[in-house]
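# Examination of the molecular architecture
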Amino acid sequence: MLTPGPAFPTARAVTLGVLLAAATLVLAVLALGIGAVRTPPGDVLQVILGRGDDLTRQLVIDLRAPRIVVAVLAGAMFAASGAVLQGVIRNPLASPDLIGVGAGAGLAATVFLLAWPGSPPGGLPWAALVGAWAGFGLVLLLSREWSGPRANALHPVRLALVGVAVAAALGAAQQLVLVRAPDGLGAALSFLTGSVYGADSARAARLVPWALVLLPAALLLSRTLDVLNLGEDLATSLGSRVNVARLLSLTVAVALAGAAVTGAGILGFVGLLAPHLARRLVGGRHARLLPISMLVGALLVLAADTLGRALLPPLEVPAGLFTTLVGAPYFLFLLRRTA
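What comes next concerns the included structure. Because the structure is predicted, anything quoted here is derived from the model rather than measured.

## Overview of the overall build of the protein chain
What the protein chain contains, in helices and strands, is 14 helices and zero strands. Its helices and strands in sequence order give the protein chain the pattern α-α-α-α-α-α-α-α-α-α-α-α-α-α, from N to C terminus. Residues classed as buried in the protein chain amount to 51% of the 339 residues present. Partitioning the intrachain contacts of the protein chain with sequence separation of at least 6 by distance along the chain shows that 77% fall at a separation of at least 24. Roughly 15400 Å² of accessible area belongs to the protein chain as shown, and the carbon and sulfur atoms make up 70% of that amount.

What follows is the structure, given as C-alpha cells:
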C-alpha cells in the first residue's frame, strides 16, 4: 500500500537522487580504469577531457565506456521494471526474473542468436520482448485461481513460487538449446550468467533508444501506479480504467525487462532489490520510488560489474553472480515475511 506523504518528489528524494547519481558517476570514472590493464584515474580524466595518448583513449572510450553505459542502462531498466511490476500486481515479491519475464526473454534471445546468427542485431530486442511476454503470460496463467471465492485473484506467494518454477523450466530449456548448438555457446553464455562482458558501442547504441523511450514512460506511470495501489474498487471509483492501466503498465514493465536482457543478460534479483531499497529510502509514492529505483539499479549493476573485473584480473566474474548472491537471501527473507 501507499505510504503517507505528498505525491511529488520531496527534498529528501531529490537530495538522495543527486547523491546516487554522483556516486554512479564517480564509480563510472573508476570503472573506466579497471580491467586486465589498469589505467590510473588521472589518465582516465585526461581521456575524458579529450587528451591522453591514442592507446589509452582506445582502451577507455572504445572498450570500457560502452560496457559502463550498458551496465547503467540495464540496471536502471531492470529496476524500473521491478518497481512497475510490484506496483501493478501489488506484490512485493514481483520482479522480472522471479515471474518469468527475464527467463522468457533470455530463452528467446538465445534461440534468436543461435537460429539466425547472421540476422540484423536490431531484431534481438524484439525477440527478447516476445519471450518476456510469453514467460510472464505463462506465470500468470499457472498462478491464477479459476474458481471459488478467490477466482481470478493472484496470491503473492503463489505467484512467486510459480514464477520460480517457470523460470527454472525456461532456464532448462535454454540449457538444452545451448547443448544442441554448442557452436553458439560463446554468443549466448552472457544471457545465462548475466554479464556485460564484451559489450561494445553497437550494443550500447541498440540499448540507448529503448532506454530513452521506456524509462520516461515508466516515470509517466507514477500516478497510475499510485491509484492502482489503492485497490481495484477504489481505483475504479476514482475514474481509473483499471484494466487499461494495468495492461499499459505491464507492457512497459515487460518491455523494460526484455530490452535490458538483450544488453546484460539475466541479471538476477536486480528488479527485486532496487525497488525494495528505494522504498526503504523514500517510501512508496511512485513519483519518488521510480527514479530512485532506477538510480539504485544502475549503481548496483555497475558496482557488480566493476567488482567482477577487479576481483580476479585478468579473469572476469559475471555481474549476475554478485547480484544473485545478494538477492537470493533477500528474496528468502521477503518470502518468509510474506508467507
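## Some details on the pattern of salt bridges
This model, assessed by the stated rule, comprises four salt bridges. Note that aspartate 54 is salt-bridged to arginine 57, the shortest N-O span being 2.7 Å. Of this pair, aspartate 54 and arginine 57 both sit in helix α3 (residues 54-89), separated by three residues, roughly a single helical turn. A relative accessible area of 28% means that arginine 57 is categorised as partly exposed. One salt bridge in this structure joins glutamate 316 and arginine 67, with 2.6 Å as the shortest N-O distance. Here the residue glutamate 316 occupies a position in the loop between α13 (286-311) and α14 (319-338), and arginine 67 occupies one in helix α3, the gap between them amounting to 249 residues. Exposure remark for glutamate 316: the relative accessible area of 32% places this residue in the partly exposed category. Its relative accessible area of 7% is what places arginine 67 among the buried residues. Each of Arg67, Asp305, Arg309 and Glu316 takes part in a single network of salt bridges with overlapping partners.

How each quantity is defined
Residues numbered from 1 in each chain as written. Predicted model: local features only at pLDDT ≥ 70, side-chain atom pairs only at ≥ 80, totals over all residues. Heavy atoms only, no water. Helix = DSSP H or I, 4+ residues; strand = E, 2+ residues; numbered from the N terminus. Buried < 20%, exposed > 50% of the residue type's maximum accessible area, 1.4 Å probe, protein only. Contact = heavy atoms within 4.5 Å. Areas by Shrake-Rupley, 256 points an atom, 1.4 Å probe, with all protein chains shown as cover. Salt bridge = Lys/Arg side-chain N within 4 Å of Asp/Glu carboxyl O.

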